[in-house]
Amino acid sequence: MKFTIARRVVQLTILGLFIAGNIYGINILKGNLSSSELFGMIGLSDPYALLQLFLAGFSVGSASVIGALIMVVFYALIAPRAFCSWVCPVNILTDLGAYIRTKLKIGKNIINISSNSRYYLFALSLIFSFIFSIAAFESISYIGAFTRGVVYLSGSAISIAIIIICIEAFLGKRLICGHLCPLGAFWALVSRFSLIRIYHNSKNCTHCNKCKVVCPEMQVLDIVGKQSGNIRSECISCGRCVEACDDDALNFSILKFRREQ
Amino acid sequence: MQRRDAIKTGFSLVGLLAAGSFVYKEYANAKPVLKLRPPAALDEDEFLTRCIRCGLCVEACPFDTLKLAEFKDSGVGIGTPFFTPRDIPCYMCEDIPCVVECPTEALDPKLVTKDGALDINMARMGVAVVDEKNCVAYFGIQCDACYRACPLIDKALWIDYKRNERTGKHAFLLPIVDSDYCTGCGKCELACITDKAAITVLPRDMVIGKVGDNYVKGWVEGDDAKLKDVDTKMHLDSKKGIKYLNEDEL
């Protein structure tokens, strides 16, 4: 449970700091996940949002470009899709939806789509941004809408939360984060060479498949039981498999460091 | 087993219905909102392509003037900032914190910079329009609430004195907006004493007209410059007369 608790603490702390920045003017983190200001000096921006804005208008403010570069480098260096499981507040909702789904033992998906759909949506959002001169995903982003609702304390956050939870619980297993989210696709692409990876040691594996039961991105565990190696960058680094594994076959490890051994 | 499956399907359907009703609630209640943008906002289309929807301008505003549009505020672009002057107008801070904070320059400081310094009077957020039928000053009652509230008093909003022929001994004190100076801050709209404001700030592109180049103000020096290199050829529709004869209405 330690990773899950740590993740919730990080997610809620970030949201809390945004709320504090908005309501009490506390100068640690201001803005929201699209673009923010750390300690009132360092500007941070969502690189995917900025990419769309750039394709839409071919000119963006310099402050936001530097902020986006900081974010890309930061997330590209640490664990794959760390944003998705450690920062994104929608993750809390989808996890809750998945929890309800398991508790009610709903097995059947109403909608079945490939987990590659998110890459098509990602490409489509960039193409639409270019054609229609508007940040295509940003203007309908449920992540943005929910985060804004929470940070600026508006009632619409509750409706959006209920919609997301219901979709995750009843429409399809891990539908939003695991199949549709273009932002997740973006971070998966950025994370190709990130340093902290889940490492599978097949010598310890007893083929109990407990990891596959809890994993939100099952396809990344295809090497489990077959060969030792690193898990792909579609992994959201949530650490659930590490918690579930009783045989010490899965753990976080630093990519570069281990290669030298 | 069949009954259990049926119950599960029922659960799913009820859940999805709940989700659907919330989607409906968010969208069906959407009310159109006037696109009154913060000071120094780019042209609407360009603003929408530039705004990253971060809300830093909203947080920077010391008067809580700006709001970010939600699903229920239709027509403004979800997540982009706007304000409603009748609730809270723009108080025209001299240091314009909302513009300074914008990371993507969707609020472009260049638009409010004069001689290297920020000048909020250059902002063009909207323009005030007077409803003459429902303004008590046009009734003949002395009210100058909007005039007194205007930060650019006697420039953006001035009073036209007119004789009241009905009483024969009183004057009308009529508020007149000069759109060259009006910033659209909305302090007049907030100050208006009528139940629903008789002076309203509207987006400039909805109100400001445009005169063709063929109208030259002879009394303005250099105004005839726009006639230089102008196309003087006649553009007549030769079929117009035939159409006129052939169509029913004469």
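If you're wondering where the values come from, they're calculated on a predicted model, not measured in any experiment.

S.K.: Residues and numbers for the overall build of chain B, please.
M.R.: The number of helices and strands found in chain B is nine helices and ten strands. Relative to the globule expectation of 18 Å for 250 residues, the C-alpha radius of gyration of chain B, 26 Å, shows a markedly less compact shape. In terms of its C-alpha atoms, chain B occupies a principal-axis envelope of roughly 90 × 60 × 50 Å. Once local pairs closer than 6 in sequence are excluded, the contacts in chain B between residues at least 24 apart make up 65%. Carbon and sulfur atoms make up 55% of the accessible area of chain B, which totals about 15,700 Å². Mean positive and mean negative side-chain charge positions of chain B (33 and 39 charges, respectively) differ by 5 Å.

S.K.: I'd like a description of the interface of chain B and chain A, backed by residues and values.
M.R.: Of the residues lining the interface, 31 residues belong to chain B; the matching set on chain A comes to 43 residues. Inspection of the region where chain B meets chain A yields zero salt bridges. Broken down by secondary-structure element, the contributors of at least two residues to the side of chain B that touches chain A are α1 (2–28), α2 (44–50) and α3 (56–60) of chain B. In terms of residue count, the dominant contributor to the side of chain B that touches chain A is α1(B) (eleven residues). Looking at side-chain class alone, the side of chain B that touches chain A contains 16 nonpolar, six polar and nine charged residues.

S.K.: Talk me through the packing of helix α5 (residues 90–103) of chain A against helix α8 (residues 156–171) of chain A; I want residue IDs and the actual numbers.
M.R.: Residue and element names in this part refer to chain A. Contact geometry for α5 and α8: axes closest at 7 Å, N-to-C directions at 40°. One element, α5, and the other, α8, form an angle in the oblique class. Considering the relative orientation of α5 and α8, their crossing is right-handed. Between α5 and α8, the contacting residues are V90, L93, T94, L96, G97, A98, I100 and R101 on the first element and A161, I164, I165, E168, A169, F170 and L171 on the second. Of the residues that constitute the contact of α5 with α8, the class distribution is eleven nonpolar, two polar and two charged.

S.K.: For the side chain of N91(A), give the residues involved together with the corresponding values.
M.R.: Residue and element names in this part refer to chain A. Note that N91 resides in helix α5. Residue classification places N91 among the buried positions, given a relative accessible area of 3%. If near-sequence neighbours (up to four positions away) are discounted, N91 is found in contact with R7, R8, Q11, C84, S85 and I236.

S.K.: A description of helix α7 (residues 142–151) of chain A should follow, citing residues and the corresponding values.
M.R.: All names here are of chain A. Counting buried positions along α7 gives ten out of ten residues, so the element sits mostly inside the fold. The opening residue of α7, the one whose side-chain oxygen lies 3.2 Å from the backbone nitrogen of I143, is S141. Just downstream of α7 lies L153, where phi reads positive at about 50°.

S.K.: Describe the sheet that holds strand β4 (residues 196–200) of chain A, naming the residues involved and giving the relevant values.
M.R.: Residues and elements named next belong to chain A. Spatial strand order, β5-β4-β6: three strands in an open sheet with antiparallel pairing. At either margin of the open sheet sits one strand with a lone partner, and together these are β5 (229–230) and β6 (250–254). Judged from the five bridges that link them, β4 and β6 form a sheet pairing that is antiparallel. Each residue of the ladder has a partner; that of I196, found in β6, is I254.

S.K.: Outline the confidence of the model for chain B, supporting the account with residue identities and numerical values.
M.R.: Mean pLDDT for chain B: 86, with 98% of residues reaching 70 or above. Across the interfaces of the predicted complex, the ipTM metric reaches 0.81, alongside a pTM of 0.82.

S.K.: Summarise the pairing of strand β8 (residues 157–164) of chain B; cite the residues concerned and give the values.
M.R.: Two faces belong to every sheet, and in a regular strand the side chains alternate between them. Residues and elements named next belong to chain B. Pairing of β8 with strand β9 (residues 170–177) involves eight bridges; the strand directions are antiparallel. Of the residues in β9, the one forming a bridge with Y161 is L173. Between β8 and β9, which pair antiparallel one after the other, the connecting turn spans five residues, and G168 there sits at a positive phi close to 80°.

S.K.: Describe the packing of α7(A) against α8(A), with residues and values.
M.R.: Residues and elements named next belong to chain A. Closest axis-to-axis distance for the α7/α8 pair is 8 Å, and the angle between their directions is 140°. In terms of axis orientation, α7 runs oblique to α8. Regarding α7 and α8, the two cross each other, and that crossing is left-handed. Seen from α7, the contacting residues are Y142, A145, F146, G149 and V150; seen from α8, they are A157, I160, A161 and I164. Residues that form the contact of α7 with α8 fall into these classes: eight nonpolar, one polar and no charged.

S.K.: Which residues make up the environment of R124(B), and what values do they have?
M.R.: Residue and element names in this part refer to chain B. Here R124 shows up in the loop between β6 (117–118) and β7 (127–130). The class of R124 is partly exposed, set by a relative accessible area of 35%. The spacing of R124 and C182 is 58 residues in sequence and 7.3 Å in space, taken between C-alpha atoms. Those residues in contact with R124 that sit more than four places away from it in its chain are D180, Y181, C182, T183 and R204. There is a polar contact of 3.2 Å between the side chain of R124 and the backbone oxygen of N121. A distance of 2.7 Å separates a polar atom in the side chain of R124 from the backbone oxygen of D180.

Calculation rules
Residues numbered from 1 in each chain as written. Chains lettered and ligands numbered in written order. Predicted model: local features only at pLDDT ≥ 70, side-chain atom pairs only at ≥ 80, totals over all residues. Heavy atoms only, no water. Helix = DSSP H or I, 4+ residues; strand = E, 2+ residues; numbered from the N terminus. Rg over C-alpha atoms; globule rule 2.2 N^0.38 Å. Contact = heavy atoms within 4.5 Å. Areas by Shrake-Rupley, 256 points an atom, 1.4 Å probe, with all protein chains shown as cover. Lys, Arg positive; Asp, Glu negative; His and termini not counted. Charge placed at Lys NZ, Arg CZ, Asp CG, Glu CD. Salt bridge = Lys/Arg side-chain N within 4 Å of Asp/Glu carboxyl O. Nonpolar A, V, L, I, M, F, W, Y, C, P; charged D, E, K, R; others polar. Axes fitted to C-alpha atoms, helices over the stretch in contact; angles between N-to-C directions. Parallel < 35°, antiparallel > 145°, perpendicular 65-115°, else oblique. Left-handed = near helix turned anticlockwise from the far one by under 90°. Buried < 20%, exposed > 50% of the residue type's maximum accessible area, 1.4 Å probe, protein only. Polar contact = N/O pair within 3.5 Å; in protein donor to acceptor, adjacent residues only side chain to side chain. Pairing = 2+ DSSP bridges. pLDDT = per-residue confidence, 0-100.

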